[in-house]
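Close look at the chain arrangement
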Amino acid sequence: MKKLTLITVFFLLILKSLTGQGFEILTGKINNSINSYFKNKTEIKYSIVKFQNNSILTDIEGQKFYQLLVSKLELNKNLNFIDLLLDFNKKNGVFNLNRVNGIDYSVYINLTNNKNKIGSGIVVYSRDLEKIVFVKYFETLIKKGERDLLKIKNYGFKDSAFVKFFEINLNNQLLDVCSINGPEDSIYSIFYYFDKVEIYKHEGKTLKKKITEKLLWERPFFPVIKKEGKLFSLIKDKEIYFFVGGNFSSYSRVFSYDGKTVNKKGKINFIPFSKFTINNIDYLAGSKYASGKNFFLGKIFFMALKNGKIISSEIFIKKVPEFFSAIFGKNENNLNTFSIIDKNYLFKRFTQDFNEKVVSKIKYGFAAGNSGDNYIGLSGYTMNNDILNIMNVDHGIENESFKQDINGSISFISKGIWNEKKGLWILIERNKFENNSFHLQFWGRNKK
Amino acid sequence: MKKLLILLITLTFLGAIKEKYEGTLNIRLNEPVNFSHSTSNYSDTIFYSLIYENFFYLNKKADISSNIFSQYIYEKEKRVVTLKLKPNLSFSTGAPVTTKNIKYSLRFFLNRDISAAKKLSRVIRSFRYEGDFFYIDLNYNVPDILNILTAPELVLLSLNEQAFSGQFFPSQWERNKFMILVPNLFYPGGRSYLNQIKIVFYDYYYPDLYLGDPGSVNKGYSEKNSGIYQNIYLSFPSGKTGTNTKIALYSLLKNFLLKFNFVRLNSLTSAEESPVSVGIKKFSFRKIRTILRYSQIKLYISSSLKRIEKDLLEYLKSYNINISLVFIENSKLKEFIKSNRSVKFLVSEKLFNKKDHIEDKIRSIISELSFTRFNEKYLKFLKELEEIKNINNEELLIESVSNIVTTLINDEFVLPLAHKKFSLYINNNFKDIFMDYYGRPLMQMVKTK
């Protein structure tokens, strides 16, 4: 009986900590006051352009506060809230002020302390910060337990977060894999080896091989000690178009697959990583390996696609540091963020204009990829067995959400689909008695 | 427990960190005369292995391997070796490697005046090519033909002298000072991790890799046993010289070499493997001077021994002996002596790997140092050695080698002067340098630590 009472009390405490607490109250009050101020106005666009955390809240706690507030502001369908946050620097928000021209009102949030309470001042400015139109101050008690809860939330849902759904052993070194919705509304996975491409159709929890296409490379060809490659696919006219390239070739080959046959479609002189729209023009963006080496040149190539056709003459290049892996973050079809693992194993995030914004304080491994549903996977910087780090990308900011020790070395992490779940394909290489073995795994969120 | 530990270490993995492409490795070697492939001394063997790729090589496990051919088969019944060229290979200039280059390289090798080439010449009836396939037809069944093709002198050559097949190619050469080699992007085995190799031809204090006497203690360096030794011989190509002069010159040169880090050599190959010890009584200095003082000797020396020139001249001067020295380029040595029958005295060197069979070493001495003195007797020796090798009778082999060596010495055919073993010293800042069967450092996987 005593045990049951204790459990009940503990459960009530947890419940209390999760509902209606300080953060919730404070962000709720700010949201309500902003909604109340704008209630008679229609089709207005507004953004937070300044966020200062002068309170005892830590950097992470401040970020959580901001995310909670934004999630509320975005819910109001009558108002058009545009999130301009790029990053947090020394507890304060960093915003993309190049985009303020398009907004009607700017919001300034300042977090302060008042004895044991956290206060929040809100100032709303009209366009171009000409005049202050609204000022409000709220404060509330935020207990240490609630703050701690916010911290553990990052790591506290391991069982319901990323899990391994699938694993197969491969005889040869797979260079890359990708999954895509293709012909007949089916999901296909393309396995890219140095000398062939295998296309599989997903049938429930099994993969059915549909076709094998041999790859014959041409000069200039760079023999390499360790082959590396990258595969990218897109859908056009109900056909899968895929691009394969590697550190052994100065170009990538292009193929299409209509559900029956694979057709050669030529070659382009870089390996695409992503497709998105800039100023209503579609672009393929990617990079090239340094010839015969194990990293990419510090250049991002953008090639225009007009009416679905590659316009080889329309290429522009953005310079970035040399890198091992790159992740293009998209919002709808627009480039949102661009991140790399550079040659010093640092995670670096860039703005849409390719200005370096964030550099990780810790090192990661060379493999990185995104899942297509706000998660990115990064391998570990380790000389022993590898680590799979999963980060949740929330409003353009990465938060570590999951870590898993891996037996072996992660060769690549790529976007995948398995059993209608978005996730990550991970190739693990193990060395046993001087023989390497390869294991392809699919990891995804275990949400119900 | 120990076994378990080994198992655990083996099971742990490859490394989640990528190799870096960086670093300059400094090597001290003798300056080559040109880029025309030559392996007459150990230094050249190393140098040319950096810029030319062998058809075949023996890997760490001593298995035959190739970066050039994807397929190499010997069909005993047809007596045909079939080689298939790997696709898309290029020389350092980007020019394609074709089976025409294989033909050119093989012909170049077979025309060389070295025992390995002569041995292969006798075996090969013809060769032909079709597309990426190259066929070598043999005169008779040679089960170890692929082993014979691992000769370090059999390398992939381009018709263009500025195109190289090795891991590196020369980008800068300052005569008497240094040469810079840079990685060949198209190297068939995969581009090197190093940014460059600087070969210095002068005494550069502590290069990262150098040849030295075994057992030298150098902090920060690891010693690798190269298995290579160098013998220096005095031979008499024309044969028209009095015995006293021969022995006097032999004594003089032997005394000189022993003063300069060489070791006494009393056999034609090495003391460890030779069944016969050569005992030639040296003359006293007085007698040497008396015989040689007014003899007007012209001593021919192979160019790879150029480094002894200064010391030898000083040595001769100190004993007031007038001998003029003439250095001849190694690659032209044999041709020169054939066309200059007046050459009476020649000092040359030969490089041996201790792993090679003694009968092969004796064969190469007879073939390469006999010049115009080669006659039926020596031809008989060569045949005898070939037969014995096939019989595989150790006792008979020792007896035969003893007879041959004794005859060669009695004929005053060639006299062994001195020898030197080599160790390779490698800076510990570099890792993954391995030695191949021929005592050459394999640079492909070398990286900075």
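As shown above, the structure is provided for reference.
Residues numbered from 1 in each chain as written. Chains lettered and ligands numbered in written order. Predicted model: local features only at pLDDT ≥ 70, side-chain atom pairs only at ≥ 80, totals over all residues. Heavy atoms only, no water.

This part is about the sheet that holds strand β12 (residues 206-214) of chain A. Residues and elements named next belong to chain A. Here we have four strands laid out as an open sheet, ordered β9-β10-β11-β12, and antiparallel in their pairing. The sheet terminates laterally at β9 (174-181) and β12, the two strands that pair on one side only. Across the sheet, the axes of successive neighbouring strands diverge by a mean angle of 20°, strand direction being ignored. As defined by bridge partners, strand β10 (residues 187-193) adjoins strand β11 (residues 196-203) across five bridges and the pair is classed as antiparallel. Paired with Tyr188 across the two strands is Lys201, which belongs to β11. (Pairing = 2+ DSSP bridges. Helix = DSSP H or I, 4+ residues; strand = E, 2+ residues; numbered from the N terminus. Axes fitted to C-alpha atoms, helices over the stretch in contact; angles between N-to-C directions.)

The next thing to look at is the environment of A:Phe65. All names here are of chain A. In this structure, Phe65 sits in helix α3 (residues 59-73). Accessibility expressed as a relative area gives 0% for Phe65, which makes it buried. Phe65 sits 39 residues away from Leu26 along the chain, and the two C-alpha atoms are 9.0 Å apart. In this structure, Phe65 is in contact with Phe23, Leu26, Thr27, Ile30, Phe51, Leu111 and Ser120, ignoring residues within four places of it in sequence. (Buried < 20%, exposed > 50% of the residue type's maximum accessible area, 1.4 Å probe, protein only. Contact = heavy atoms within 4.5 Å.)

With that settled, consider the interface of chain A and chain B. Each partner contributes residues to the interface: chain A has 34 residues there, and chain B has 29 residues. Buried area between chain A and chain B, summed over both chains or domains, comes out near 2,700 Å², and the portion from carbon and sulfur atoms is 62%. For the chain A face of the interface with chain B, the top three residues by lost area are A:Arg219, A:Pro223 and A:Ile225, together amounting to 26%. Here chain A is connected to chain B by one salt bridge. Across the chain A-chain B interface, the total number found is eight residue pairs in polar contact (both at pLDDT 80 or more). No other element matches the four residues that strand β29 (residues 421-432) of chain A contributes to the side of chain A that touches chain B. For the side of chain A that touches chain B, the residue count by class is 14 nonpolar, 11 polar and nine charged. (Buried area = accessible area lost by both parts, 1.4 Å probe. Salt bridge = Lys/Arg side-chain N within 4 Å of Asp/Glu carboxyl O. Polar contact = N/O pair within 3.5 Å; in protein donor to acceptor, adjacent residues only side chain to side chain. Nonpolar A, V, L, I, M, F, W, Y, C, P; charged D, E, K, R; others polar.)

Moving on: unusual backbone geometry. Here A:Arg219 and A:Pro220 are connected by a cis peptide whose omega angle stands at -5°. Along the chain, A:Pro220 falls in the loop between β12 and β13 (229-236). Residue B:Arg79 is not a glycine yet carries a positive backbone phi of 55°. Among the residues examined, B:Arg79 registers a relative accessible area of 30% and is labelled partly exposed. The backbone of B:Asn176 sits at a positive phi, close to 70°, despite the residue not being glycine.

Residues and elements named next belong to chain A. Taking 1.5 Å of rise per residue, 15 residues should cover 21 Å, and α3 covers 21 Å from first to last C-alpha, within 8% of that figure. For α3, the tally of buried residues reaches 11 of 15 residues, placing the bulk of the element in the interior. Buried within α3 are the following residues: Glu61, Gly62, Gln63, Lys64, Phe65, Tyr66, Gln67, Leu69, Val70, Lys72 and Leu73. (Expected span 1.5 Å × (residues − 1).)

Now for the sheet that holds strand β7 (residues 133-138) of chain B. Residues and elements named next belong to chain B. Strand order in the open sheet formed by four strands is β4-β5-β7-β6, with antiparallel pairing between adjacent strands. What marks the edges here is a single partner per strand, and that holds for β4 (69-75) and β6 (124-130). Taking each pair of neighbouring strands and ignoring which way they run, the sheet shows an average axis angle of 15°. The pairing of β6 with β7 spans six bridges and is antiparallel. Of the residues in β7, the one forming a bridge with Tyr129 is Phe134. Most of the contacts of helix α3 (residues 99-110) go to β6, to which it runs at about 160°, and overall it touches β4, β5 (80-85), β6 and β7. Lying over the sheet, helix α4 (residues 115-123) contacts β6 and β7, oriented at roughly 85° with respect to β6.

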